[in-house]
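# Residue-level structural notes
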Amino acid sequence: MAKISKSYSCTSCGLVTNKWAGRCDGCGDWNTINESKALSNGPQKVSIGIEKGEKILLSDLSPSIKNLSYSKSGIAEFDRVLGKGLVSSAAILLSGDPGIGKSTILLQAAARFGEAGLKVLYISGEEAASQVKLRAKRLGLSTAPIRLGSETNLRNILTTFEDEEPNLVIIDSIQTIWADTVDSAPGSVSQVRSAAFELTNFAKRTGAAVIMVGHVTKDGQIAGPRVVEHMVDTVLHFEGERGHQFRILRAVKNRFGPVDEIGVFEMASEGLAQVKNPSELFLSERGKNIPGSVVFAGIEGTRPILVEFQALVTPSTLGQPRRNVIGWDGNRLSMVLAVLESRCGISFANHDVYLNIAGGIKINEPAADLAVAAAIFSAKEDIIFPINTVFFGEISLSGAVRQVSQVDNRLKEAQKLGFSEAITAPRNKKKPKDGINIRETVNLRDFVNMMHKYKDSTEGLGDGKP
Ligand code: TYD
Ligand code: MG
């Protein structure tokens, strides 16, 4: 038999080492290295043998394999994020901060899938069945055809599944499930890994879809090993700011549909309600005639979304001025500041810069560069930009403004919401005839000049030429 050696692993990132340390080399966390019982060193000096495997021709797959089926919950925002709907035998991981509404949305979706004819099992490891029932009552779903269970033992859960033959199972949450074959506490890396593995396996074997809830750590990572994210077909993030009622469901990995597709919800007293017109919502609290506020015409997945960017630039008393960002990438902000400084001569050395994306949405698109630069410039120079204008365009280190994708979609959405002008990079295409007025800017210096001119003139931006 192979010799069993000691091994240690990190409970937060899963790094395996052969000696204990106070700080993990992988993720830098303290006190996360624990001894783990290694199974063995694996088979040694055993050849792989000459046993024949099964050969499958790709073109032959279709007749012998069960066709995948798509089911829709009828909650359009939820179905869109999944792709065409819920795919049979899919393994889905839904992650998000505590209290963001993961259990709520899943209960609501489960009820709709149940009504659509799927056999749904909802296993809660965190709440008692009566608590889940109470929540269902609050959501007006007490008569929904879902079966509830409160269980954490993986063996019991899988046995129930084999008997019940469900079409959809929901596990809330994967961190509470423990396998009796694994010798560590629930929530530890090895438990989470083996629970996720067994459940994914169950999905593939039986054709049931499995949705697992995953906790996130302080810095927003899905707790437990990254390997779970690789194992499942789809990873969804449920995000939103604490003080806001908006919640955004985002696909970050999807084997059956587009990624970065978002669904927008609003947390109300009777659960999560769909937001059909996100742009209207994100602009609803927009301050007019305030320097530092501009509107960005963005694209999330396949959908155009308009959001307000707010910037504040104040003299700093600190040796190292503050750069605070909510909803955007801090590194990208530093880059935009550096370009403004070196290409346009606007100095931020003695200024704190704050940037906030209104509504609690997170924007990842580089297309937002120009809107960020515009908001910061507007705040710094105290210029109120025209309120009927949207901004988009990527900024390169040279200061050039580059064109981005899906321009027509962005413009259409802006027009729909009553905007009459867009400031962006030069386009190859002729502008649409009855469309919105497009003001092209080749580089950031151009843009800054254009805006200074605007401030000095009384009749706005003039004849449409920068
Ligand atoms: P929950 O789904 O339990 O969050 P998670 O499972 O992600 O931890 O949501 C809890 C929060 O949602 C809680 O703070 C209260 C709020 N909430 C409402 O505002 N309205 C509702 O109808 C429900 C059920 C919850
Ligand atoms: Mg919950």
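Residues numbered from 1 in each chain as written. Chains lettered and ligands numbered in written order. Predicted model: local features only at pLDDT ≥ 70, side-chain atom pairs only at ≥ 80, totals over all residues. Heavy atoms only, no water.

### Describing the overall build of the protein chain
Of the regular secondary structure elements, the protein chain holds twelve helices and 23 strands. By residue count, 48% of the 466 residues in the protein chain fall in the buried class. Considering only residue pairs separated by 6 or more positions, the protein chain has 66% of its internal contacts joining residues 24 or more positions apart. For the protein chain, the accessible surface area stands at approximately 23500 Å², while carbon and sulfur atoms represent 50% of it. (Helix = DSSP H or I, 4+ residues; strand = E, 2+ residues; numbered from the N terminus. Buried < 20%, exposed > 50% of the residue type's maximum accessible area, 1.4 Å probe, protein only. Contact = heavy atoms within 4.5 Å. Areas by Shrake-Rupley, 256 points an atom, 1.4 Å probe, with all protein chains shown as cover.)

### Re helix α6 (residues 189-206)
Structurally, the α-helix is built with 3.6 residues per turn, so residues lying three or four positions apart point the same way. In this model, α6 (18 residues) spans 26 Å end to end at C-alpha, consistent with the 26 Å of a helix rising 1.5 Å per residue. For α6, the elements touching its buried residues are β1 (6-10), β6 (91-96), α5 (154-164), β9 (168-172), β10 (209-215) and α7 (227-231). Once α6 finishes, Gly207 follows within two positions and takes phi at roughly 85°, a positive value. (Expected span 1.5 Å × (residues − 1).)

### Considerations on the site of ligand 1
Within the structure, ligand 1 sits among 16 residues, and Gly99, Lys102, Ser103, Thr104 and Gly271 are positioned closest to it. Within the contact set of ligand 1, an oxygen atom lies 2.5 Å away from a side-chain nitrogen or oxygen of Thr104. In this structure, a nitrogen atom belonging to ligand 1 sits 3.3 Å away from a side-chain N or O atom of Arg138. About the coverage of ligand 1: the protein hides 73% of its 560 Å² of free accessible area. Mapped onto the shell around ligand 1, the elements with two or more residues apiece are α3 (102-115), α4 (129-138) and β13 (262-268). Sorting elements by how many residues they give to the shell around ligand 1 places α3 first, with three residues. (Near = heavy atom within 4 Å. Polar contact = N/O pair within 3.5 Å; in protein donor to acceptor, adjacent residues only side chain to side chain.)

### Quick look at the pairing of β10
Within β10, six of the seven residues are buried, which leaves it mostly tucked inside the rest of the structure. Taken together, the six bridges between β6 and β10 define a ladder with parallel strand orientation. Along β10, the bridge assignment pairs Ile92 with Ile211. One ladder, built from four bridges, connects β9 with β10; its direction is parallel. Each residue of the ladder has a partner; that of Ile171, found in β10, is Met212. The β-α-β motif built from β9, the intervening α6 and the parallel element β10 has right-handed crossover chirality. (Pairing = 2+ DSSP bridges. Right-handed = clockwise from strand over helix to strand, strands pointing away.)

### A word on the side chain of Ser173
Note on placement: Ser173 falls in the loop between β9 and α6. The exposure class of Ser173 is buried, given its relative accessible area of 0%. Side chain to side chain, Ser173 and Glu126 meet in a polar contact 2.8 Å long. Among all residues touching Ser173, those that are not within four sequence positions of it are Gly125, Glu126, Val213 and His215.

### Here's the deal with the nonpolar core
In this structure, Phe309 and Ile376 are the most contacted members of the largest nonpolar core, which totals 67 residues. In terms of residues, this core owes the most to one element, helix α10 (residues 369-381), which gives nine residues. Non-local contacts of Phe309, meaning those with residues more than four positions away in its chain, are made with Gly292, Ser293, Val294, Phe296, Asn356, Ile357, Ile363, Ala368, Ala371, Val372 and Ala375. (Core = buried A, V, L, I, M, F, W, Y, C linked by side-chain atoms within 4.5 Å.)

### What about the pattern of salt bridges?
Summed over all chains, the structure comprises 18 salt bridges. With a shortest N-O distance of 2.8 Å, Arg147 and Glu164 are connected by a salt bridge. Residue Arg147 is located in strand β8 (residues 146-150), and its partner Glu164 is located in helix α5; the two are separated by 17 residues in the primary sequence. A relative accessible area of 23% means that Glu164 is categorised as partly exposed. Residue Glu413 is joined to Lys416 by a salt bridge in which the shortest nitrogen-to-oxygen separation is 3.4 Å. (Salt bridge = Lys/Arg side-chain N within 4 Å of Asp/Glu carboxyl O.)

### Thoughts on the sheet that holds strand β17 (residues 323-326)
Read from one edge to the other, the open sheet built from seven strands follows the order β17-β18-β16-β15-β19-β22-β23, with strand pairing classed as mixed. Only two strands of the sheet have a single partner each, and these edge strands are β17 and β23 (437-440). The average undirected angle you get between the axes of adjacent strands in this sheet is 25°. On the sheet, helix α9 (residues 330-344) packs against β17 and β18 (351-357) and is oriented at approximately 130° with respect to β17. (Axes fitted to C-alpha atoms, helices over the stretch in contact; angles between N-to-C directions.)

### Observations regarding the sheet that holds β6
In spatial order, the strands read β8-β7-β9-β10-β6-β11-β12-β13-β14; together these nine strands make up an open sheet with mixed pairing. Unpaired on one side and paired on the other, β8 and β14 (271-274) mark the two borders of the sheet. On average, each strand axis in the sheet is tilted by 25° relative to the strand beside it, whichever way the strands run. The strands that α4 touches are β7 (120-124) and β8; relative to β8, the one it contacts most, it runs at about 140°. Sheet contacts for α6: β6, β9 and β10; angle to β10, the most-contacted strand, approximately 160°.

### Details of unusual backbone geometry
Working note: non-glycine residues mostly have negative phi, and peptide bonds are mostly trans. Put simply, Asp172 and Ser173 share a cis peptide bond, and its omega is 0°. Here Asn31, not a glycine, exhibits a phi torsion of approximately 55°, which is positive. Positive phi, normally seen in glycine, also occurs at Ser89, with a value near 60°. Tracing the backbone through its elements, the reader meets Ser89 in the loop between β5 (86-87) and β6. Ser89 sits in the buried class, given a relative accessible area of 13%.

### A look at the packing of aromatic side chains
This model, assessed by the stated rule, comprises ten aromatic pairs. Between the aromatic rings of Phe78 and Phe113, the centroid separation amounts to 6.4 Å while the plane-to-plane angle is 65°, which identifies the pairing as edge-to-face. One end of the pair, Phe78, is in helix α2 (residues 76-82); the other, Phe113, is in helix α3, with 35 residues separating them in the sequence. Classification of Phe113 by relative accessible area gives buried; the value is 1%. An aromatic cluster of three or more residues is present, and its members are Phe377, Phe385, Phe391 and Phe447. (Phe/Tyr/Trp six-rings, centres within 6.5 Å; stacked < 30°, edge-to-face > 60°.)

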